[in-house]
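Listed below are the residues making up each chain.
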Amino acid sequence: MALHQPQTSFDLLRVPGLGRLLRWRWGRLVMQLVMLALALLVIYDGLTGPQLASQNIAAVSVWVHYRGLVMLALLLAGNLFCMGCPFTLPRTLARRISGRGRRWPQALRNKWLAVGALVGFLWLYEAFDLWASPWLTAWLVIGYFAASFVLEALFAESPFCKYVCPLGTFNFVASTISPLQIAARRADVCRTCVGKECVNGSPQTLGCGTELFVPQIKSNLDCTFCLDCARACPHDNVALAARKPLSEFIPLPVRPFASGAAATRLAASAWPQRWDVAFLALVFAFAGLANAFGMTPPVYTLAATLSRALGTRSEALILALIFGLLMVLLPAALGLGAAWLSRRLGAAQDRRANRGSLRVVFARYAPTVAPLAFAIWFAHYWFHFASGALTIVPVTQNFLIDHGVTLLGSQPNWSLGPIMSEDAVFLLVLAALATGFLSSLYALSRTAAAEGTLKAARRAMLPWLALWMILALAAILIFSLPMEMRGMIG
Amino acid sequence: MPVFMRPISTKPDLLHASRPVFLVLFALLLALLPTGCQRASQQTTADQAPEITAVLTVAPDPALVGPATLLVQLTDANGAPVESATGISLKGDMSHAGMQPVLAEASGGAGGVYQAQWAWTMAGDWFVTVTATLPDGRTLLRRFDLAVSRP
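Residues numbered from 1 in each chain as written. Chains lettered and ligands numbered in written order. Predicted model: local features only at pLDDT ≥ 70, side-chain atom pairs only at ≥ 80, totals over all residues. Heavy atoms only, no water.

Novice: What is the right way to look at the confidence of the model for chain A in this model?
Specialist: Predicted coordinates in areas of low pLDDT are best not read in detail. Looking at chain A as a whole, its pLDDT mean stands at 89, while 91% of the residues score no less than 70. Note on residues 254-267 of chain A: pLDDT is under 50 here. Beyond four places in sequence and across chains, it has 26 contacts. (pLDDT = per-residue confidence, 0-100. Contact = heavy atoms within 4.5 Å.)

Right, here's the structure in full:
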């Protein structure tokens, strides 16, 4: 077992005041209660308020502010939403009242279900026009509470977060580019630790819900930033540490755990070498494109063509076909093709090169798309956020006036909307995509550096470079198209 | 088993056997949540003149992204034009939350027709909300759904 101790000079948990608040026993609960209050407000206004999305707190806060702010948090800090996730509150209640259930089935201990849930969620979003329905948005939130509760009641661990939750899955992958990460302050303390409370928990404190062992964490994948590990550690040895940009995508030197010797070897990647995890990264990228594509004129033309060809007006079916193609089949085919080609090209150049199986090559290179994928999602969500962040003001005024409160005025100021001009938003989108592409390129080149020779590295990364370039160009093209907001089949 | 796995509790758990009961109770709780019940006090969206007919006409028709003219025609229950309505405001919202609405004031009134200059800013589904104060002081409020296409 290898222990990992990243080089770091900044630890958020050491910041006076804030660090203590975060490590405080009830620190997470306070954040969750705030988020719970917001979730209840979303449910209340979604079910009982005006059903015009632009006038309802449920639709505006969930589809504009949540998405915009969560991307900002991921970019500047980390997985802060999961840290304060309100859906785990009833989950904890379920755990208390149901006792220990069974373990999550072995066959589902992977990301395939999470990939399906993420694609399914995005399909639901379009097929049922969730963005236009406060009522459905409220029920989505209720569904989240219910799913989290039921799974926690049935199973002993926290499978909802790790294996099911689409929001968590999204945040896990996106947080791989985040600057903060849970880490052991001193690996030798963990080596001699008997209780391993960070993962096992203690009578007073829960251990890691997703069963991560702090000194082995090299990636933000599966980390909810709940800080239960920091609260549980009796040695105060857990840091929420700053790390170098893109450090997850750079092969890391690690020391063998058993010997503690100074000898080092190269780890292939911070990500596990698994089909499911690597495929998740690709789906995350392609889904970002498909989601943005769903708001442009060509998708309506495509939907109309499919509708005529198949003789159906079922928007759900048409969308299932389009999303199945764009979010599942295309990343699978192109990813496998790139891996196969990368393996062939690298091996042709240098037969001694460190090639590995198709799975190893796929799992080694596919995750390097994550920075570009993040940029695509950031560009999309910030288009909406920058275009309508201030609409929350009149929506809140409207809500208060509805309840006889005129504290913020007796008339909603509907003229409020954007926080950036259209030109500035477009520049932001382009800057995000360019940064994302260059970051993926850097991650790709550092990953390829583990190949045997420079020539082999260049040849091995070529198919992936082509694929990332196509993705980046497709993203620029999509974001250059005029946006439309309407039902799919007119 | 890895050393860091959770220890399995061996203490008797009386609540464990009641798990199905809790699940049923939770499902019932969900079913009892208010579904579709609208708030009674939506002061900002109340229509006080249901007998008044309002017709919205757009030019160009069908609506295209760009400048447009919107005409609102008001007639009473007898079909007579309502000519002296005041404060006729139009608000155009897109179906997606967070899009800045288009706002305009309509003027005129001859023959019960009020006119406003307008601009459709994006193709897609729009909701135009017309608010007016009638001569008797009541508030008229109507919503019109329409699709806007690219030129």
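Here the narrative resumes.
Novice: Would you mind showing me how to read the layout of surface pockets here?
Specialist: Summary: where empty space remains is shown by rolling a probe the size of a single water molecule over the atoms. Residue and element names in this part refer to chain A. Taken as a whole, the second largest pocket holds about 940 Å³ of empty space. Around the second largest pocket, the lining is made up of 37 residues, and of these Met35, Ser61, His65, Tyr66 and Phe81 lie nearest the centre. Examining the composition of the lining of the second largest pocket, we find that ten residues originate from one element, helix H3 (residues 57-76), more than from any other. In this structure, the lining of the second largest pocket is formed jointly by two domains, domain 1 (12-244) and domain 2 (275-480), each of which donates at least three residues. (1 Å grid on protein atoms, 1.4 Å probe; cavity = no way out; pocket = protein on both sides within 12 Å on 5 of 7 lines; lining within 4 Å. Points joined across faces, edges and corners; volume = space filled by probe spheres on them. Helix = DSSP H or I, 4+ residues; strand = E, 2+ residues; numbered from the N terminus. Domains from an automatic or database assignment.)

Novice: I'm lost on empty space enclosed by the protein in this one. Help?
Specialist: Residue and element names in this part refer to chain A. Within this structure, the stated rule accounts for five cavities of 30 Å³ or more. Lining the largest cavity are 14 residues, with Cys82, Cys85, Cys161, Cys165 and Gly168 sitting closest to its centre. Elements with a contribution of two residues or more to the lining of the largest cavity: helix H4 (80-83), helix H8 (159-164) and helix H9 (166-174). The class makeup of the residues in the lining of the largest cavity is nine nonpolar, four polar and one charged. Lining of the second largest cavity is provided by 13 residues; of these, Cys190, Cys193, Cys198, Cys233 and His235 occupy positions nearest its centre. Where the lining of the second largest cavity is concerned, the elements lending two or more residues are helix H10 (187-192) and helix H11 (197-200). Considered class by class, the residues forming the lining of the second largest cavity number nine nonpolar, two polar and two charged. (Nonpolar A, V, L, I, M, F, W, Y, C, P; charged D, E, K, R; others polar.)

Novice: Quick question: what am I supposed to make of H9(A) here?
Specialist: A large share of H9(A) lies buried, amounting to nine of its nine residues. Restricting attention to buried positions, one finds in H9(A) the residues Pro166(A), Leu167(A), Gly168(A), Thr169(A), Phe170(A), Asn171(A), Phe172(A), Val173(A) and Ala174(A). (Buried < 20%, exposed > 50% of the residue type's maximum accessible area, 1.4 Å probe, protein only.)

Novice: Where do I start with the confidence of the model for chain B in this structure?
Specialist: Here chain B averages 79 in pLDDT, while 70% of its residues score no lower than 70. Here residues 1-19 of chain B is a poorly scored stretch, pLDDT under 50, and it has 36 contacts once near neighbours within four places are set aside; other chains count.

Novice: Explain the nonpolar core to me, please; I cannot follow it from the model alone.
Specialist: Among the nonpolar cores identified, the biggest contains 157 residues, and Met71(A), Trp464(A), Trp468(A), Leu90(B) and Trp120(B) are the most heavily contacted of them. Broken down by element, this core gets its largest block of residues, 15 residues, from helix H13 (residues 275-293) of chain A. In this structure, this core is formed jointly by two domains, domain 1 (12-244) and domain 2 (275-480) of chain A, each of which donates at least three residues. In contact with Met71(A), not counting residues within four places along its chain, are Phe170(A), Phe374(A), Trp377(A), Phe378(A), Tyr381(A) and Trp382(A). With 24 residues, the next largest nonpolar core counts Leu180(A), Ala184(A), Ile217(A) and Phe225(A) among its residues. (Core = buried A, V, L, I, M, F, W, Y, C linked by side-chain atoms within 4.5 Å.)

Novice: Help me understand a nonpolar patch on the surface in this model?
Specialist: All names here are of chain A. Together, Leu18, Leu21, Trp24, Trp26, Leu29, Val30, Leu33, Val34 and Leu38 give the surface a local cluster of nonpolar side chains, amounting to about 800 Å² of exposed area. Going through the elements one at a time, helix H1 (18-23) and helix H2 (27-48) are the ones with two or more residues in the nonpolar patch. Broken down by element, the nonpolar patch gets its largest block of residues, five residues, from H2. Note on placement: Leu38 falls in helix H2. (Patch = residues over 30% accessible without salt bridge, like charges linked within 9 Å, V, L, I, M, F, W, Y side chains within 5 Å. Areas by Shrake-Rupley, 256 points an atom, 1.4 Å probe, with all protein chains shown as cover. Salt bridge = Lys/Arg side-chain N within 4 Å of Asp/Glu carboxyl O.)

Novice: When you look at the state of the cysteines in this model, what are you seeing that I'm missing?
Specialist: By definition, a disulfide links two cysteine residues through a covalent bond between their sulfur atoms. Residue and element names in this part refer to chain A. On inspection of all chains with the given rule, the structure shows zero disulfides over all chains. Not engaged in a disulfide, the cysteine Cys85 finds its nearest cysteine sulfur in Cys82; these two sulfurs lie 6.1 Å apart. Cys223 forms no disulfide, and the closest cysteine sulfur to it belongs to Cys229, at a distance of 6.5 Å. Since its relative accessible area comes to 7%, Cys223 is described here as buried. (Disulfide = S-S within 2.5 Å.)

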